[in-house]
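Take a look at the letters that make up each chain.
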Amino acid sequence: MIRARLELTRGPFALRVELATSTGPLVIIGPNGAGKTTLLLALLGARRPNVGRIEIADACVFDSALGVDVCVEQRGVGYLPADYALFPHLSVAENVAFAIASQPGVSSEQRAARIQEQLQALQIGELRERRIHELSGGQKQRVALARALAAKPRALLLDEPLAALDLGSRRAVREFLRDHVAALQLPCVIVTHDPADARVLGATIAVLEAGRIAQRGTWSELVSAPASDFIADFVRS
Amino acid sequence: MLVPGGALLVFLALPPLSLLLSTDVSQLFAALSHPLVGPALRLSAFTTLVSLALVVLLGTPLAWLLAQARSKPVRALETLAQLPIVMPPAVAGIALLFAFGRRGLLSGVVYPRGQSVAFTTLAVIMAETFVSAPFFVQAALSAFRRIDPGLLLVARSLGASPLRIFVRVAVPLALPGLAGGAALSWARSLGEFGATLMFAGNLAGKTQTLPLAIYTALESDLPAAQALSVLLMGFAFVLLVVMRAALRRSGAES
């Protein structure tokens, strides 16, 4: 579960958002500059809201009134930026190992087993020893997911998870992502600007416009009663 | 364009070429047995390697801290760390005397019994470290700044400690830039003359490094000075090639 109510101002821009999601993905759409990435970074702990409260898996990680601000390292939130940010100097297995080695009290056998388990769960066991630059976009996404999940996160944030892929591979990767995220039973926030992503990935869609949530609902609710011109154009494209 | 540009290039190439062309190999080896050469060679190798180790071990964390900070006072500290680059070496030598000399600012604290580090081998190492460290710190700083901040944020989200991020992510990714900076810094400390002369003197076997031995030999034995110069130039050229290769790699990978 993620529950957040926050206000964050930077210069003339103001983000004022309330959102909640249990297990399963919440998809955030919105025009460029609406504050989608800023919202993700606030949930992650990399941007500090001026006021508000953020709860992740029943734990309060930020509360301006109580002076709580759990740092990124301890929030236990998996984060995939649009370019996946895989460590280019490490192999696939080493990328995943990085997430496990950060946890105390894990033996090297346990670590090797968990790497293998994680890679196999994402059907990329055969990529173990590959270097990052040898991977396709879809493979990179799976490695990034494996790495994030190896840290046993309590929630997952994905920023434009399909933007780095070419159109040809996008459909297959999108469907894999939908099925895999659904199976995880983790609260998950996905930011996208692609209507197809929103339709396929999101049970619930929140539309962010100029820092506010303009509408919230399922794809068919957005189609039947769009609350703004942006939403009407978005669902039609 | 061609004439002024070409003129400068010829002017830059002529002195090293002349030095090389007027040296014959047998004369070079004979001159290397000159009594000044052995001790100066050993001293230069020892002091520059120690100062290189100090510069890398202390400069890498400094550059990382500076690269991560964004505030104005930190920018001022960065300027401070660059100051020795523009400081004339002789001035650096005097400044080192005023800080660490027998009557320096710290003399009462560091030398209660009136002795001083000036005019010792340690002073040579300090002078070399002082003049060469900024070159390394600058190169390391820009190598660290070229690292994609997304990588560092993801590393934090995976629960990695700052030390782990430094060791496992930042240093490996900045390695070509660090190597290039180390080569540049080593070349600078090998050539160090002015600050060493002022702060450490010119004592054979103790503070007389290769550049000072060249200066001393020039008065009595020109072939020895020439041989040492060829030696230093050759090594500096190797460092230049290493540095350019390393910096090219760090640029290509960013």
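Heads up: the structure comes first, above all this text.
Keep in mind that this is a model prediction, so the values were computed, not measured.

1. Considering the overall build of chain B
Piece 1. The number of helices and strands found in chain B is twelve helices and zero strands.
Piece 2. Along its sequence from the N terminus, chain B presents helices and strands in the succession α-α-α-α-α-α-α-α-α-α-α-α.
Piece 3. Within chain B, buried positions represent 42% of all 254 residues.
Piece 4. Of the contacts made within chain B by residues no fewer than 6 positions apart, 76% connect residues no fewer than 24 positions apart.
Piece 5. Accessible surface, chain B: about 13,400 Å² in total, of which carbon and sulfur atoms supply 75%.
Piece 6. A distance of 14 Å separates the average location of the 17 positive side-chain charges in chain B from that of its 8 negative side-chain charges.

2. Section: helix H9 (residues 162-190) of chain B
Piece 1. Taking 1.5 Å of rise per residue, the 29 residues of H9(B) would be expected to cover 42 Å, yet its terminal C-alpha atoms sit only 34 Å apart, more than 12% below that figure.
Piece 2. At Leu175(B), H9(B) shows its maximal kink, close to 65°; a proline, Pro176(B), follows between one and four residues later.

3. Thoughts on the packing of aromatic side chains
Piece 1. With the rule as written, the count across this model stands at seven aromatic pairs over all chains.
Piece 2. Arranged with centres 5.4 Å apart and planes meeting at 70°, the rings of Phe193(B) and Tyr215(B) form a pair that is edge-to-face. Pair noted here: Phe193(B) is in the loop between H9 and helix H10 (194-200) and Tyr215(B) is in helix H11 (residues 210-220), with a separation of 22 residues, a long-range link.
Piece 3. Under the relative-accessibility criterion, Phe193(B) is labelled partly exposed at 28%.
Piece 4. Using a relative accessible area of 41% as the deciding quantity, one classes Tyr215(B) as partly exposed.
Piece 5. Cluster of aromatic residues (ring-pair linked, three or more members): Trp64(B), Phe144(B) and Phe166(B).
Piece 6. Here the basic side chain of Arg142(A) rests over the ring of Phe176(A), its NZ or CZ set 3.6 Å away from the ring centre.

4. A few points about the packing of helix H3 (residues 92-101) of chain A against helix H5 (residues 137-150) of chain A
All names here are of chain A.
Piece 1. One can describe the packing of H3 onto H5 by two numbers: an axis separation of 7 Å at closest approach and a directional angle of 25°. With respect to their mutual orientation, H3 and H5 come out roughly parallel. By crossing handedness, the relation of H3 to H5 is classed as right-handed. Of the residues in H5, those touching H3 at Val 92, Asn 95, Val 96, Ala 99 and Ile 100 are Val 143, Ala 146, Arg 147 and Ala 150.
Piece 2. Looking at the contact of H3 with H5 residue by residue, the classes come out as seven nonpolar, one polar and one charged.

5. Describing the interface of chain B and chain A
Piece 1. The partner chain A presents 23 residues to the 16 residues of chain B that form the contact.
Piece 2. Each partner contributes to the roughly 1,700 Å² buried at the junction of chain B and chain A, and carbon and sulfur atoms together form 68% of this total.
Piece 3. At the junction of chain B with chain A, the criterion picks out one salt bridge.
Piece 4. Among the ionic pairs, Arg156(B) bridges to Glu73(A), the shortest N-O distance being 3.0 Å.
Piece 5. Take the side of chain B that touches chain A: its biggest share by element is seven residues, from helix H8 (residues 149-157) of chain B.
Piece 6. For the side of chain B that touches chain A, the class distribution of residues is nine nonpolar, three polar and four charged.

6. Considering the pattern of salt bridges
Pairs may arise between side chains of opposite charge once their charged atoms sit close together.
Residues and elements named next belong to chain A.
Piece 1. Counted according to the given criterion, the structure contains 15 salt bridges over all chains.
Piece 2. Where Glu 55 meets Arg 3, a salt bridge forms, and the shortest distance between an N and an O atom there is 3.6 Å. Linking Glu 55 in strand E4 (residues 51-56) with Arg 3 in strand E1 (residues 2-10), this pair joins segments that are 52 residues apart in sequence.
Piece 3. With a relative accessible area of 44%, Arg 3 lands in the partly exposed category.
Piece 4. One connected set of salt bridges, linked through shared partners, spans Arg 3, Arg 53, Glu 55 and Asp 63.

7. Examining unusual backbone geometry
Residue and element names in this part refer to chain A.
Piece 1. Positive phi, normally seen in glycine, also occurs at Ala 57, with a value near 50°.
Piece 2. With respect to the element layout, Ala 57 can be found in the loop between E4 and strand E5 (59-63).
Piece 3. Ala 57 sits in the partly exposed class, given a relative accessible area of 32%.
Piece 4. In the Ramachandran plot, Glu 160 falls in the positive-phi region, its phi being about 45° despite a non-glycine side chain.
Piece 5. By secondary structure assignment, the location of Glu 160 is in the loop between strand E8 (155-159) and helix H6 (167-184).
Piece 6. For Glu 160, a relative accessible area of 13% gives the class buried.

8. Focus: the state of the cysteines
Residue and element names in this part refer to chain A.
Piece 1. For the coordinates displayed, the defined rule picks out zero disulfides over all chains.
Piece 2. Here Cys 60 stays unpaired: no disulfide links it, and the sulfur of Cys 71, its closest cysteine neighbor, is 14 Å away.
Piece 3. What makes Cys 60 partly exposed here is its relative accessible area of 25%.

9. A few points about helix H1 (residues 36-44) of chain A
All names here are of chain A.
Piece 1. Among the nine residues of H1, eight are classified as buried, and the element is accordingly described as predominantly covered.
Piece 2. Among all positions of H1, only Lys 36, Thr 38, Leu 39, Leu 40, Leu 41, Ala 42, Leu 43 and Leu 44 are buried.
Piece 3. Two residues or fewer after H1 comes Gly 45, characterised by a positive phi angle close to 105°.

Each value, and the rule that gives it
- Residues numbered from 1 in each chain as written.
- Chains lettered and ligands numbered in written order.
- Predicted model: local features only at pLDDT ≥ 70, side-chain atom pairs only at ≥ 80, totals over all residues.
- Heavy atoms only, no water.
- Helix = DSSP H or I, 4+ residues; strand = E, 2+ residues; numbered from the N terminus.
- Buried < 20%, exposed > 50% of the residue type's maximum accessible area, 1.4 Å probe, protein only.
- Contact = heavy atoms within 4.5 Å.
- Areas by Shrake-Rupley, 256 points an atom, 1.4 Å probe, with all protein chains shown as cover.
- Lys, Arg positive; Asp, Glu negative; His and termini not counted.
- Charge placed at Lys NZ, Arg CZ, Asp CG, Glu CD.
- Expected span 1.5 Å × (residues − 1).
- Bend = angle between axes of the 7 residues up to and from the residue.
- Phe/Tyr/Trp six-rings, centres within 6.5 Å; stacked < 30°, edge-to-face > 60°.
- Lys NZ or Arg CZ within 6 Å of the ring centre and 35° of its normal.
- Axes fitted to C-alpha atoms, helices over the stretch in contact; angles between N-to-C directions.
- Parallel < 35°, antiparallel > 145°, perpendicular 65-115°, else oblique.
- Left-handed = near helix turned anticlockwise from the far one by under 90°.
- Nonpolar A, V, L, I, M, F, W, Y, C, P; charged D, E, K, R; others polar.
- Buried area = accessible area lost by both parts, 1.4 Å probe.
- Salt bridge = Lys/Arg side-chain N within 4 Å of Asp/Glu carboxyl O.
- Disulfide = S-S within 2.5 Å.

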